[in-house]
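A closer look at the structure
Chain by chain, the residues:
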Amino acid sequence: SGSELGQSVVDFACQFVGNPYVYGGSSLTNGTDCSGFVMSVYNNFGVSLPHSSSADRNVGSSVGGLENAQPGDIVCYSGHVGIYVGDGKIVHASTSKTGIIISNANYRSVLSVRRIF
């Protein structure tokens, strides 16, 4: 089901927490940027996504807002994107200083939440 697949995406994504952020990168181990992280995680599940946070706003289907988000959904911000892990949190390649981390999903204004499965 979609929710099981979404949880599998989250479990896969979270194993890379602590790895480096590299602008323009898409390596889950050696460094990735936000959209490269989302693209590479979903690529592991056979889904091809763009390496662009703004283009990610148009993939899958909209779920409305954060209140409808399920694990595995893509949370889109202005110039940034992450993967919803549940409990109001996202996993994302944040900055070169912090790398891949888990944050509160509402740490900045959410533009769109997209469901892939």
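The sections below set out a description of the structure shown in this document.

Parameters at a glance
Residues numbered from 1 in each chain as written. Predicted model: local features only at pLDDT ≥ 70, side-chain atom pairs only at ≥ 80, totals over all residues. Heavy atoms only, no water. Helix = DSSP H or I, 4+ residues; strand = E, 2+ residues; numbered from the N terminus. Rg over C-alpha atoms; globule rule 2.2 N^0.38 Å. Buried < 20%, exposed > 50% of the residue type's maximum accessible area, 1.4 Å probe, protein only. Contact = heavy atoms within 4.5 Å. Areas by Shrake-Rupley, 256 points an atom, 1.4 Å probe, with all protein chains shown as cover. Pairing = 2+ DSSP bridges. Axes fitted to C-alpha atoms, helices over the stretch in contact; angles between N-to-C directions. Phe/Tyr/Trp six-rings, centres within 6.5 Å; stacked < 30°, edge-to-face > 60°.

A word on the overall build of the protein chain
Secondary structure summary: the protein chain contains two helices and eight strands in total. Along the chain direction, N to C, the helices and strands of the protein chain fall in the order α-β-β-α-β-β-β-β-β-β. On C-alpha atoms alone, the protein chain measures out to a radius of gyration of 12 Å, which is about the 13 Å that the 2.2 N^0.38 rule sets for 117 residues. If one aligns the C-alpha atoms of the protein chain with their principal axes, the spans along those axes are about 30 × 30 × 25 Å. Burial analysis of the protein chain (117 residues in total) assigns 47% to the buried set. Partitioning the contacts of the protein chain with sequence separation of at least 6, the portion at a separation of at least 24 is 54%. With an accessible surface of roughly 5,400 Å², the protein chain has 46% of that area assigned to carbon and sulfur atoms.

Re the side chain of Ser40
Secondary-structure assignment places Ser40 in helix H2 (residues 34-43). Residue Ser40 is classed as buried on the basis of its relative accessible area of 14%. Those residues within four positions of Ser40 in sequence are excluded, and the remaining contacts are Ser26 and Leu28.

A closer look at the sheet that holds strand S7 (residues 99-104)
Read from one edge to the other, the open sheet built from six strands follows the order S3-S8-S4-S5-S6-S7, with strand pairing classed as antiparallel. Two strands lie at the open edges of the sheet, namely strand S3 (61-62) and S7, each paired on one side alone. Pairing analysis gives four bridges linking strand S4 (residues 74-77) to strand S5 (residues 80-86), with the strands arranged antiparallel. Its bridge partner lying in S5, Ile74 is registered against Ile83. Lying on the sheet, helix H1 (residues 2-14) is in contact with S5, strand S6 (89-95) and S7; it crosses S5 at an angle near 115°. Packing of H2 onto the sheet brings it into contact with S4, S5, S6 and S7, and relative to S5 it is tilted by some 50°.

A short note on the packing of aromatic side chains
Using the criterion set out here, one finds four aromatic pairs in the structure. Seen in terms of ring centroids, Tyr42 and Phe117 are 5.6 Å apart; in terms of plane orientation they differ by 35°. Their pairing is tilted. One end of the pair, Tyr42, is in helix H2; the other, Phe117, is in the segment after strand S8 (112-115), with 75 residues separating them in the sequence. For the pair Tyr77 and Tyr107, a centre-to-centre distance of 5.5 Å together with 65° between the ring planes defines the contact as edge-to-face. Of this pair, Tyr77 sits in strand S4 while Tyr107 sits in the loop between S7 and S8; the two residues are 30 residues apart in sequence, bridging distant segments of the chain. The buried category is assigned to Tyr77, whose relative accessible area is 0%. Among the aromatic side chains, those forming a connected cluster through ring pairs are Phe12, Phe16 and Phe45.

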